[in-house]
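Analysis of the macromolecular model
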Amino acid sequence: MAVGWFYLSLMVLCSLGSMCILSTIYWMRYWQGGFAWDGTMLMFNWHPVLMVTGMVVVYSAASLVYRLPQSWVGPKLPWKFGHAAMHLLAFILTVLGLHAVFDFHNQRKIPNLYSLHSWLGITTVFLFACQWSLGFAVFLLPWASMQLRSLLKPIHVFFGASILSLAIASVISGINEKLFFSLKNGTNSYSSLPSEAVFANCSGMLVVVFGLLVLYILLASSWKRPELGMQAERQALLHGGE
């Protein structure tokens, strides 16, 4: 597949990712009152923004580092550092997002981790922490043998895509849960589809489309980093060949 199609898909992906973040910010500002870091509902509003930004958009960008044709030539170590650093940034944003919701719950005496959304989310974060730690220890530090790396690479790739899928499921369930809590009165119920519900549902669909495109790029064999011994095909891709 021509490298031009990859860059076209990447441009679409960047646009969708930006729209996911901006639409979440707009939802929290326009309908939920904005942001603060004081234990109130305004602090909770950071939670969806940070989780969408960290666990979905930045996580996806980190996962796609090795799909860039520039990463196919030359030393791989700088790209490994970039891959690990972007995932670390995603994890930091995720931890801040968790802090926002836990602090809000504790201030309001609301139980933590009782809903399916929270179970999905905390499982996703736990797997993400394990994935990053294992990846750092095995693929970035020099002690691991090539045999061990070859053995663990398919597992690392599988869980990378699985964590993204779980993150998307967590975001969708979180949007649904937030709307049920926010739109409970009879004059503005969720079932009557007020403007907030329509906007939030569309934001959720944006996240789904974004995630599906990321997974497609990750799974497309013609966009994966070529193995050793494929120099001719790699150069053809870099020059727009098939």
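Thoughts on the environment of Pro 226
With respect to the helices, strands and loops of the structure, Pro 226 is situated in the loop between α7 (195-219) and α8 (231-238). With relative accessibility at 13%, the residue Pro 226 sits in the buried group. Distance in space between the C-alpha atoms of Pro 226 and Trp 72 is 6.8 Å, their sequence separation being 154 residues.

With respect to the side chain of Ser 118
By the element assignment, Ser 118 lies in helix α5 (residues 116-140). Judged by its relative accessible area of 14%, Ser 118 is buried. For Ser 118, the side chain forms a polar contact with the main-chain nitrogen of Tyr 114, separated by 3.3 Å.

Section: the packing of helix α3 (residues 46-63) against α7
Where α3 contacts α7, the axes come no closer than 11 Å and their chain directions differ by 10 degrees. With respect to each other, α3 and α7 are oriented roughly parallel. Facing α3, whose interface residues are Val 56, Val 57, Ser 60 and Ser 63, α7 presents Val 207, Phe 210, Val 214 and Leu 218. When the residues that make up the contact of α3 with α7 are grouped by side-chain class, the tally is 6 nonpolar, 2 polar and no charged.

Cut-off values and rules
- Residues numbered from 1 in each chain as written.
- Predicted model: local features only at pLDDT ≥ 70, side-chain atom pairs only at ≥ 80, totals over all residues.
- Heavy atoms only, no water.
- Helix = DSSP H or I, 4+ residues; strand = E, 2+ residues; numbered from the N terminus.
- Buried < 20%, exposed > 50% of the residue type's maximum accessible area, 1.4 Å probe, protein only.
- Polar contact = N/O pair within 3.5 Å; in protein donor to acceptor, adjacent residues only side chain to side chain.
- Axes fitted to C-alpha atoms, helices over the stretch in contact; angles between N-to-C directions.
- Parallel < 35°, antiparallel > 145°, perpendicular 65-115°, else oblique.
- Contact = heavy atoms within 4.5 Å.
- Nonpolar A, V, L, I, M, F, W, Y, C, P; charged D, E, K, R; others polar.

Nothing here speaks to function; it is geometry throughout.
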